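A closer look at the structure
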Amino acid sequence: MATQVVMPKLSPTMEEGQLSRWLKKEGDKVSMGEPLAEIDTDKATMEMQALGNGVLRKILIKEGESAPLGQLIAIIGEPDEDISAMLKQAGAGQPATQSEGAAQEAKAASDDKPQQQAATTQPSAPAQATASTEQVKQAATSGNGAGTATATNQATNQSERLIVSPLAARMAAEAGIDLRSLSGSGPGGRIVKRDIEAAMSAGQQPATSQAPAQAPQRHLRAVEPSSQPSQPAAVEGASPYRDEPTSVMRQTIARRLVTSIGPVPHFFLTTEIEMDSTAELRRSINELDPELKASINDLIIKVAAISLIQHPQVNASFQDKAVRYYERADIGVAVAIEDGLITPVVRSADRKSIREISREVKELAERARSRKLMPDEYTGATFSISNLGMLGIDEFTAVINPPEAAILAVGAMTPKPVVREGEVVVRQMMRVTMSCDHRVIDGATGARFLQTFKKLLENPLLMIV
């Protein structure tokens, strides 16, 4: 029996995936568990394994295209097996069925957001969104994904309507693209995300109240110009520009920041730390083990972890009706990669040696830059550290990564004149700023944590006392 291959859920925050590369081509033999394709999720590039045996009979999305969770993207079957019904189902936009071998993948594609699931991964008749252009824009600009799905599914009295996914509707409204000028490439002519991205790449002009001459003629109620998103007027002599569609990772970063800096009440605490003793400890460690090449950041991770265990109020997260206190210090370490930022997690950093932390951080960072991290390697931190000191930044503030209650922004370690016992001397100084979630951490609580953190860095031998 043929196996349906659907877009799997490969990370906890994944809502759709982009097909990076097919590892098999149509006609190739496939075995269960064998890598079938590489999928770009919001955080990493991961292999999708085949859940059935046979031949890759049909590929339904091309490399570079995106699909929501649960969408049928390929079919595996016997060479002479009739798959016409499945192809017809895919062309009609019907949901993938639970065929043998696909049940596990379809289960993995399920999410805990039923409203969004109805809008993106189950394009059955009620979810085959049909709406006038005006309704699409009103729904898309409401700022609520579930509301978009509801509004775009409402029937109107127009003789012919656009078929558009809620995500595409929202993207079109934000970009000022006239949906009437597009031909949908999704099932049944549905306008989907890739159609909006293609229009943006082609530099399509913002929508107006009249459809372009070359646009398909549809019976739609005219939209008043005032309902269109405002667009800046062209300025003579202004710089030319290009628009590039955002990556899945960049879209996820944008969503996460909106859920952090707005809803989370931030406050910031800054202190300056004398780092001469820590720098000397690092030099001694590397002399004993030249291949280790421990960094100042490795010692900062260890000290932060010890400080968190001593101040459990900071090693916590807000859970609506409760505050969750963690028993281990799992430190997220911000790593800059090509598409944005990712935070691999050093588990139980309070229990690990500097040597273990140093080696683990190097390995995680390397795999992060090659997009090979597994979801459990970059989720579930209890506290994060972002260090821009190596880029010459003296001081900055970082945005909390929910549900964590704090993040530490580390600046450069630089020689500065300071007063010690009435004399001006030069010391290696470093400024750190902790961003705190005021729902969990009070000012005095955060200050006491930083006092401990500062004391340990200025007297690192206290870590072994």
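Given the structure is predicted, the values throughout are model-derived calculations rather than measurements. (Residues numbered from 1 in each chain as written. Predicted model: local features only at pLDDT ≥ 70, side-chain atom pairs only at ≥ 80, totals over all residues. Heavy atoms only, no water.)

Turning our eyes to something else, we now look at the overall build of the protein chain. Summing up its helical and strand segments, the protein chain has 12 helices and 20 strands in all. When contacts within the protein chain are restricted to residue pairs at least 6 apart in sequence, long-range pairs at least 24 apart make up 65% of them. In the form shown here, the protein chain has an accessible surface area of approximately 23300 Å², with 52% of it arising from carbon and sulfur atoms. (Helix = DSSP H or I, 4+ residues; strand = E, 2+ residues; numbered from the N terminus. Contact = heavy atoms within 4.5 Å. Areas by Shrake-Rupley, 256 points an atom, 1.4 Å probe, with all protein chains shown as cover.)

So, on to the sheet that holds strand β5 (residues 45-49). In spatial order, the strands read β5-β4-β2-β7; together these 4 strands make up an open sheet with antiparallel pairing. The strands lining the two open edges of the sheet, one partner per strand, are β5 and β7 (66-68). Taking each pair of neighbouring strands and ignoring which way they run, the sheet shows an average axis angle of 40°. (Pairing = 2+ DSSP bridges. Axes fitted to C-alpha atoms, helices over the stretch in contact; angles between N-to-C directions.)

Tallied over the full model, the rule gives 2 cavities of 30 Å³ or more. Lining the second largest cavity, in full, are Val333, Val335, Pro344, Val346, Val361, Leu364 and Ala365. When residues in the lining of the second largest cavity are grouped by element, the largest group, 3 residues, is from helix α11 (residues 354-369). (1 Å grid on protein atoms, 1.4 Å probe; cavity = no way out; pocket = protein on both sides within 12 Å on 5 of 7 lines; lining within 4 Å. Points joined across faces, edges and corners; volume = space filled by probe spheres on them.)

As enumerated under the stated definition, the model contains 2 aromatic pairs in all. For the pair Phe383 and Phe449, a centre-to-centre distance of 5.6 Å together with 50° between the ring planes defines the contact as tilted. Here Phe383, found in strand β18 (residues 383-387), pairs with Phe449, found in helix α12 (residues 443-458); they are 66 residues apart in sequence, far enough to count as distant. Both residues of the pair, Phe383 and Phe449, belong to the buried class. Judged by centre distance (6.3 Å) and plane angle (15°), the rings of Phe449 and Phe453 are stacked. One end of the pair is Phe449 and the other is Phe453, both in helix α12 and 4 residues apart, which spans about a single turn. Like Phe453, Phe449 is buried. Linked through ring pairs, Phe383, Phe449 and Phe453 together constitute an aromatic cluster. (Phe/Tyr/Trp six-rings, centres within 6.5 Å; stacked < 30°, edge-to-face > 60°. Buried < 20%, exposed > 50% of the residue type's maximum accessible area, 1.4 Å probe, protein only.)

This part is about unusual backbone geometry. With an omega dihedral of 5°, the bond running from Pro402 to Pro403 counts as a cis peptide bond. Unusually for a residue other than glycine, Arg371 sits at a positive phi of about 55°. Here Arg371 lies in the loop between α11 and β18.

Here we have 6 strands laid out as an open sheet, ordered β11-β20-β19-β18-β14-β17, and mixed in their pairing. What marks the edges here is a single partner per strand, and that holds for β11 (266-274) and β17 (345-346). Here strand β19 (residues 406-420) runs beside strand β20 (residues 423-437); their pairing, made up of 13 bridges, is antiparallel. By the bridge assignment, Ala409 is partnered in β20 with Thr433.

A separate point is the nonpolar core. Among the nonpolar cores identified, the biggest contains 48 residues, and Ile331, Phe383, Ile385, Leu408, Met434 and Phe453 are the most heavily contacted of them. Looking at this core, the element that brings in the most residues is helix α10 (residues 296-310), giving 8 residues. If we skip the residues at most four places from it in the chain, Phe453 touches Ile273, Ile300, Val303, Ala304, Ser307, Leu408 and Val432. If you look at the next biggest cluster of nonpolar residues, it comprises 21 residues, including Val5, Leu36, Leu69 and Ile76. (Core = buried A, V, L, I, M, F, W, Y, C linked by side-chain atoms within 4.5 Å.)

Turning our eyes to something else, we now look at a nonpolar patch on the surface. On the surface, Leu461, Leu462, Ile464 and Val465 cluster together to form a nonpolar patch covering roughly 470 Å² of accessible area. As for its placement among the helices and strands, Val465 is situated in the segment after α12. (Patch = residues over 30% accessible without salt bridge, like charges linked within 9 Å, V, L, I, M, F, W, Y side chains within 5 Å. Salt bridge = Lys/Arg side-chain N within 4 Å of Asp/Glu carboxyl O.)

What follows deals with the pattern of salt bridges. One pass over the full model with this rule turns up 19 salt bridges. Across the pair Arg420 and Glu274 runs a salt bridge, and its minimum N-O distance is 2.6 Å. On the criterion of sequence distance, the pair formed by Arg420 in strand β19 and Glu274 in strand β11 is long-range, its members being 146 residues apart. Note on Arg420: relative accessible area 32%, which makes it partly exposed. Close ionic contact of Glu360 with Lys352 constitutes a salt bridge, the shortest N to O distance being 2.6 Å. The network of salt bridges with common partners includes Glu272, Glu395, Lys416 and Arg431.

Taken over all residues, the pLDDT of the protein chain has a mean of 78, while the share at 70 or more is 73%. Scored below 50 in pLDDT, residues 97-160 shows 120 contacts in the model against residues more than four places distant or in partner chains. This model gives residues 205-233 a pLDDT under 50, and the stretch forms 52 contacts once residues within four places in sequence are excluded. (pLDDT = per-residue confidence, 0-100.)

Inspection of the secondary structure puts Met86 in helix α1 (residues 84-91). Between the C-alpha atoms of Met86 and Thr3, which are 83 residues apart in sequence, the distance is 9.8 Å. Excluding residues that lie within four positions of it along the chain, Met86 makes contacts with Ala2, Gln4, Leu72 and Ile75.

An ideal rise of 1.5 Å per residue puts 18 Å on 13 residues; helix α9 (residues 276-288) measures up with 19 Å between its terminal C-alpha atoms. Along α9, the residues that are buried comprise Thr278, Ile285 and Asn286. Along the long axis of α9, the arc covered by the buried residues comes to 95°, so they all point the same way. In this structure, α9 carries Glu287 and Leu288 as exposed residues pointing more than 90 degrees from its buried face. Structurally, α9 contributes buried residues whose contacts are with α10, α11 and α12. (Expected span 1.5 Å × (residues − 1). Arc of directions from axis to C-beta.)

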